[in-house]
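# Observations on the three-dimensional arrangement
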Amino acid sequence: RKEVEQDPGPFNVPEGATVAFNCTYSNSASQSFFWYRQDCRKEPKLLMSVYSSGNEDGRFTAQLNRASQYISLLIRDSKLSDSATYLCVVRNQAGTALIFGKGTTLSVSS
Amino acid sequence: EAGVTQFPSHSVIEKGQTVTLRCDPISGHDNLYWYRRVMGKEIKFLLHFVKESKQDESGMPNNRFLAERTGGTYSTLKVQPAELEDSGVYFCASTLGQNTEAFFGQGTRLTVV
């Protein structure tokens, strides 16, 4: 079983749509969780950290369910500029490295 | 302020040759990481430096890969001799503290032919 698994995608949605990405992680001792965004042929950039209580940043909402070892990202009112690959990321137990999912590609069209 | 910079951006080498990748972290960042993305797979951790010391090198694939960070500033990752399966994008990242935000360089796209 992979350490971090994500929806395979791709997701193709119209502008204004709401889209949700899901992710599961295998190590129950994991403490830190993130969503990164990666544009084509660019580096990954931190989108937001994910906290147990859930957190929101504008149109983006992240949720964490420790019991189910499940992380989600909700994007409301999708924009063309949201088109990218979204990476679910977990910090390893030792805190020395980030463990990445394969990513889910989102394409928002007009 | 300059971000994490990597050089070269692209490299095409023949199997059996040697390639050295360089990473300059954000100034003042003690933590430096190397990651690799092979086509079709997820980004995978290679190793972690704290200043000039290797903190965790559990992700290094084999002894053909050698990473150094002399003086605790920039880092190099040497692949010798390169094999076809080494092709991929090599990312470097740096953080101020071990659990703070990771900033990634744009990566070096390595193609071994």
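Residues numbered from 1 in each chain as written. Chains lettered and ligands numbered in written order. Predicted model: local features only at pLDDT ≥ 70, side-chain atom pairs only at ≥ 80, totals over all residues. Heavy atoms only, no water.

All names here are of chain B. On the basis of which strands lie adjacent, the open sheet formed by four strands has the order β1-β3-β8-β7 and antiparallel pairing. With one partner strand each, in any of the chains shown, β1 (5–7) and β7 (65–68) form the two edges of the open sheet. Put simply, the sheet's adjacent strands are angled 15° from each other on average, direction ignored. (Pairing = 2+ DSSP bridges. Helix = DSSP H or I, 4+ residues; strand = E, 2+ residues; numbered from the N terminus. Axes fitted to C-alpha atoms, helices over the stretch in contact; angles between N-to-C directions.)

A separate point is the packing of aromatic side chains. Inspection of every chain in the model, using the stated rule, returns 13 aromatic pairs over all chains. Of the aromatic side chains, those joined through ring pairs into one cluster are A:F34, A:Y36, A:F100, B:Y33, B:Y35, B:F45, B:F91 and B:F104. The ring centre of B:Y74 lies 3.7 Å from the NZ or CZ of B:R22, which sits over that ring. (Phe/Tyr/Trp six-rings, centres within 6.5 Å; stacked < 30°, edge-to-face > 60°. Lys NZ or Arg CZ within 6 Å of the ring centre and 35° of its normal.)

Each strand in a sheet pairs with another by means of backbone hydrogen bonds, the pair being arranged parallel or else antiparallel. All names here are of chain A. Taken together, the five strands give an open sheet; going across it, the order is β1-β3-β8-β7-β6, and neighbouring strands pair in antiparallel fashion. Looking along the sheet, the strands with just one partner apiece sit at the ends: β1 (4–6) and β6 (55–57). Within the sheet, the average angular offset between the axes of one strand and its neighbour, ignoring direction, is 20°. Bridging between β6 and strand β7 (residues 60–65) involves three bridges; their strand directions are antiparallel. Bridging across to β7, E56 finds its partner in T61.

Quick look at the state of the cysteines now. Residue and element names in this part refer to chain A. By the definition in use, this model includes two disulfides over all chains. Through a disulfide, C23 is tied to C88; the S-S separation comes to 1.9 Å. Taking the sign of the S-S torsion, about -75° here, the bridge from C23 to C88 comes out left-handed. Placement of the pair is C23 in strand β3 (residues 19–25) and C88 in strand β9 (residues 84–91), with a sequence separation of 65 residues. You can call C23 buried: its relative accessible area is 1%. You can call C88 buried: its relative accessible area is 0%. (Disulfide = S-S within 2.5 Å. Buried < 20%, exposed > 50% of the residue type's maximum accessible area, 1.4 Å probe, protein only.)

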